[in-house]
Amino acid sequence: MPEPKSPERKGLVLVVCAPSGTGKSTLTARLREEFPDIGFSVSYTTRPPREGERDGEHYHFVSRDRFIAMRSRGEFCEWAEVHDNFYGTATQPVRDMLEAGSDVLFDIDVQGAMQLRRTFPEGVYAFLLPPSREELLRRLKGRGTDSPEAVERRMENARGELERAGSFDFWVVNDEVERAYQEFRSVYLAGKARPMQYEGMLDELLEEWNDG
Ligand code: 5GP
């Protein structure tokens, strides 16, 4: 008996956006842990590395000049200026991962996600929401990493991001991390289950009827 074969699937573009403090890093880290084959789109940035961040893994850390040169050569499928630094996604590495059949996870800001849709319209665009303004404020203050002014700024940015949440395909409310994670992984799996991910599979399946 031949081995039952799994159908070939196209790589999925999975984009996750959230206001700062919503818990995006926790959920994306868990997804990558559970599904280690998911590729990650390593962005280019002009901001300096933080403690523990490695070049080529968390980001490609580049000078402003290099970023601007790449941008003028059209190497980015999206870019944005966030908190006075440039961030961008290089198109080719993403295409390479997708062509190899890998899913690709993007952790980018809302402006970037809107631009990315032009290049990858069939992606899954997910938005994480805080359960309330009060809870987001509590979490941002609780992190203890930001000055009161920075917390204020992040809260104001959150409003702008939430105003654009309506353009996303899926919402996950991060009220309780375990529940939110289950919902987030369902979004990922549902994205993979769409007929458009199974390139040519139906034709091949029907061919078996013709041959049989
Ligand atoms: P951080 O500097 O804290 O790592 O990231 C700041 C913000 O920039 C986050 O909202 C993150 O999602 C976003 N970001 C990271 N990489 C990119 C990118 O390539 N493009 C865009 N548009 N935003 C990015």
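What you are looking at is a predicted structure, and each value in this text was computed from that prediction instead of being measured.

With that out of the way, let us pick up the overall build of the protein. The helix and strand inventory of the protein stands at 8 helices and 9 strands. The dimensions of the protein, computed from C-alpha atoms along their principal axes, are 70 × 40 × 30 Å. For the protein, with 212 residues in total, the buried portion stands at 41%. With the model as given, the accessible surface of the protein reaches about 12,500 Å², and the carbon-plus-sulfur share is 50%. Taking the average location of the 29 positive side-chain charges in the protein and that of its 39 negative ones, the two points are 6 Å from each other.

Another point: the nonpolar core. Inside soluble globular proteins, nonpolar side chains tend to come together where they are buried. Counting 20 residues, the largest nonpolar core has L14, L31, F184 and Y188 as the members making the most contacts within it. Looking at this core, the elements with two or more residues in it are β1 (13–17), α1 (24–34), β8 (124–129) and α7 (177–192). If you tally residues by element for this core, the top one is α7, at 5 residues. Ignoring anything within four residues of it in the chain, the contact list for L14 reads L31, V104, L105, F106, V124, F184 and Y188. Counting 18 residues, the second-largest nonpolar core is a separate cluster that includes V15, C77, F120 and F127.

What the rule picks out here adds up to 16 salt bridges. Where R73 meets E75, a salt bridge forms, and the shortest distance between an N and an O atom there is 2.6 Å. In this structure R73 comes out as exposed when scored by relative accessible area, which is 55%. Residues R159 and E156 are paired through a salt bridge, measuring 3.0 Å at the closest nitrogen-oxygen approach. Residue R159 and its partner E156 are located together in helix α6 (residues 148–163), separated by 3 residues, close to a single helical turn.

Take the packing of aromatic side chains next. Evaluation of the coordinates by the stated rule reveals 9 aromatic pairs. Judged by centre distance (5.1 Å) and plane angle (65°), the rings of F127 and F168 are edge-to-face. Here F168 lies in the loop between α6 and β9 (170–173) and F127 lies in strand β8, a separation of 41 residues in the sequence. Side by side, F127 and F168 carry an identical accessibility label, which is buried. Here a set of aromatic residues connected by ring pairs shows up, and it is made of Y44, F67, F76, W79 and F86. The residue whose ring lies beneath R71 is F86, and the NZ or CZ to ring-centre distance is 5.2 Å.

Attention now goes to the domain arrangement of the protein. The assigned domain composition of the protein is domain 1 (1–38 + 103–203) and domain 2 (42–101). For domain 1 versus domain 2, the distance between C-alpha centres works out to 19 Å. Residue-level contacts link 17 residues of domain 1 with 15 residues of domain 2. For the pairing of domain 1 and domain 2, the buried interface totals around 1,200 Å² over both sides, and the portion due to carbon and sulfur atoms is 60%. It is V104, Q115 and F120 in domain 1 that bury the most area against domain 2; as a group they hold 33% of the surface buried on that side. Across the contact surface, domain 1 and domain 2 share 0 salt bridges. Across the domain 1-domain 2 interface, the total number found is 2 residue pairs in polar contact (both at pLDDT 80 or more). When contributions to the side of domain 1 that touches domain 2 are tallied by element, the ones reaching two or more residues are β7 (104–107), α4 (110–119) and α6. When residues in the side of domain 1 that touches domain 2 are grouped by element, the largest group, 5 residues, is from α4. Looking at the side of domain 1 that touches domain 2 residue by residue, the class counts come to 7 nonpolar, 6 polar and 4 charged.

Calculation rules
Residues numbered from 1 in each chain as written. Predicted model: local features only at pLDDT ≥ 70, side-chain atom pairs only at ≥ 80, totals over all residues. Heavy atoms only, no water. Helix = DSSP H or I, 4+ residues; strand = E, 2+ residues; numbered from the N terminus. Buried < 20%, exposed > 50% of the residue type's maximum accessible area, 1.4 Å probe, protein only. Areas by Shrake-Rupley, 256 points an atom, 1.4 Å probe, with all protein chains shown as cover. Lys, Arg positive; Asp, Glu negative; His and termini not counted. Charge placed at Lys NZ, Arg CZ, Asp CG, Glu CD. Core = buried A, V, L, I, M, F, W, Y, C linked by side-chain atoms within 4.5 Å. Contact = heavy atoms within 4.5 Å. Salt bridge = Lys/Arg side-chain N within 4 Å of Asp/Glu carboxyl O. Phe/Tyr/Trp six-rings, centres within 6.5 Å; stacked < 30°, edge-to-face > 60°. Lys NZ or Arg CZ within 6 Å of the ring centre and 35° of its normal. Domains from an automatic or database assignment. Buried area = accessible area lost by both parts, 1.4 Å probe. Polar contact = N/O pair within 3.5 Å; in protein donor to acceptor, adjacent residues only side chain to side chain. Nonpolar A, V, L, I, M, F, W, Y, C, P; charged D, E, K, R; others polar.

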